Amino acid sequence: MTRVAAGLAALLAYAGASGPAAADPSVSILPLGFAAREFRGPSSRVAAVAPSLAALREDRSLPGRPLVVVWGEGGAAALTWAGREVRIMRLGGSASDLAATERGRDAIPFSRIEASGAFTATLTGPTRIHPHEALGSATHAGSVAIAERRPVQIGAEAKAVPTATSTVAAGEGAVFEDREPRLVQLSNDATPEIVTVRSYLDRGSAMAVIARREGTWRVVAETPPAGGPQQWLNPAAVADFLGTGRSQIAIVRAPHREGLLQLWSLDGDVLKLESEKAGYANHAYGSSAQDLAAPADVDGDGRPELLVPTVDRGAVAILSFKGGIRELTRIPLPARASSGIAALGSGPDLHILVGLEDGRVADIRP
């Protein structure tokens, strides 16, 4: 039995499954017909907007289905799962039309506006005080802008939707070295939190949590900074990996070197380190793509595992957080992971899609 098959057999045994050992995973290349340079997962703004595009508008099977959207010079496509197959839906229009759906007004270059319910978050206040180009540019954000749509009073006349806007500054000697201010739910109230990367010029990067307290948005918690200038980290995924009923935050410190994966939970306004394990990378140096990891329910038990590349980005590892971080298996790739990872389906219907550095998209069936 190969190492991959042995790992998957152990995964099934851990989940309480019985019967013969699983076959080796299959890895195939999707026939896109173009090189995919941009990759957006099911939780992205692009994926939310895609069903309204002319090419998909009449497809009544799409509402409620997760989508992955990819594009590059020569084409664009939306991907979804149909049992054991990935369905490829060609999209009309240019790649710039797709990218425009995630650009925020006054946002720093190459960043994405994030939305959740009535809230949006945008990286603003471009600054070049931090000369680090891990994300492809030395222009970073001096602030995060948060907008909240307020209810409109019903009346005979049309009225503009009132919006309340707040700004959180990175502070002196710091920037938000990020391209995605992630709106996530870490607590049990109706207001989301924002997870982003705050980098100090002399102390390196920390994961910061921005939240609203007593009506004011501010940084309420952050991890210890990396310790030295230009030492960066990249958020990986936010999900209930521990099965507590509340989400935790997975990050990778130094993804271009040792790749230390850490899992953090927010307790009040304090971040607690739950576990850590070295050997993983969720970013390619110089790329603005930060979505090179994803949660997925691999064994179908309702609790997510984490999909993340190994430190050389030559394989995808499946990690469990049951009893610490355990690598269940790793699946070799035909080229290094680069632009994104996403999961479609779960359990026996799971497809792991990986954007490769040569522009191909791999479809893994574990």
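Anything mentioned here points back to the structure above.
Residues numbered from 1 in each chain as written. Predicted model: local features only at pLDDT ≥ 70, side-chain atom pairs only at ≥ 80, totals over all residues. Heavy atoms only, no water.

Caption draft 1: Examining the environment of Ile251 more closely. Relative to the elements of secondary structure, Ile251 occurs in strand β16 (residues 248–253). Looking at Ile251, the relative accessible area reads 0%, which means it is buried. Considered as a pair, Ile251 and Leu356 are 105 residues apart in the sequence and their alpha carbons are 21 Å apart. Residues contacting Ile251, with those up to four places away along its chain left out, are Met207, Leu233, Asn234, Pro235, Ala236, Leu260, Leu261, Gln262 and Trp264. (Helix = DSSP H or I, 4+ residues; strand = E, 2+ residues; numbered from the N terminus. Buried < 20%, exposed > 50% of the residue type's maximum accessible area, 1.4 Å probe, protein only. Contact = heavy atoms within 4.5 Å.)

Caption draft 2: The sheet that holds strand β15 (residues 233–239), seen in detail. The strand order β15-β16-β17-β18 describes an open sheet built from 4 strands, whose pairing is antiparallel. Two strands close off the open sheet at either side, each with one partner strand: β15 and β18 (270–278). Pairwise comparison of adjacent strand axes, ignoring direction, gives a mean angle of 25° for this sheet. (Pairing = 2+ DSSP bridges. Axes fitted to C-alpha atoms, helices over the stretch in contact; angles between N-to-C directions.)

Caption draft 3: Molecular detail of the pairing of strand β7 (residues 119–127). Among the 9 residues of β7, 7 are classified as buried, and the element is accordingly described as predominantly covered. In this structure, strand β6 (residues 114–116) lies alongside β7, joined through 3 bridges in antiparallel fashion. When the sheet's bridge partners are listed, Ser116 is paired in β7 with Phe119. Hairpin connection from β6 to β7: 2 residues lie between these consecutive antiparallel strands, with Gly117 at a positive phi of about 60°. Of the pairings in the sheet, the one linking β7 to strand β8 (residues 140–149) comprises 8 bridges and is antiparallel in character. Its bridge partner being in β8, Thr124 is matched across the sheet by Ser143.

Caption draft 4: The sheet that holds strand β19 (residues 294–296), seen in detail. Ordered by their spatial adjacency, 4 strands build an open sheet running β19-β20-β21-β22, and the pairing between neighbours is antiparallel. Looking at which strands have only one partner, the edges of the open sheet turn out to be β19 and β22 (326–332). Taken over all neighbouring pairs, the strand axes of this sheet differ in orientation by 30° on average, direction set aside.

Caption draft 5: Broad picture of the side chain of Arg365. Turning to its location among the elements, Arg365 is positioned in strand β25 (residues 361–365). As a buried residue without a salt bridge, Arg365 has its nearest oppositely charged side chain in Asp349, at a separation of 4.9 Å. Within the structure, Arg365 has its side chain in polar contact with the backbone oxygen of Arg84 (distance 3.3 Å). A distance of 2.6 Å separates a polar side-chain atom of Arg365 from the backbone oxygen of Pro348. In this structure, Arg365 is in contact with Pro25, Ser26, Arg84, Pro348, Asp349, Leu350 and His351, ignoring residues within four places of it in sequence. (Lys, Arg positive; Asp, Glu negative; His and termini not counted. Salt bridge = Lys/Arg side-chain N within 4 Å of Asp/Glu carboxyl O. Polar contact = N/O pair within 3.5 Å; in protein donor to acceptor, adjacent residues only side chain to side chain.)

Caption draft 6: Inspection of the side chain of Ser137 at higher detail. As for its position among the elements, Ser137 is in the loop between β7 and β8. The exposure class of Ser137 is buried, given its relative accessible area of 15%. There is a polar contact of 3.0 Å between the side chain of Ser137 and the backbone nitrogen of Thr139.

Caption draft 7: Summary view of the packing of aromatic side chains. Per the counting criterion, the structure on display carries 2 aromatic pairs. Ring geometry for Phe119 against Trp217: centres 6.0 Å apart, planes inclined by 70°, an arrangement best described as edge-to-face. In this pair, Phe119 is assigned in strand β7 and Trp217 in strand β14 (residues 216–222), connecting sequence segments 98 residues apart. Relative accessible area serves as the criterion here: at 6%, Phe119 is assigned to the buried category. Taken together, a centroid distance of 4.8 Å and an interplanar angle of 45° make the contact between Phe241 and Phe321 tilted. (Phe/Tyr/Trp six-rings, centres within 6.5 Å; stacked < 30°, edge-to-face > 60°.)

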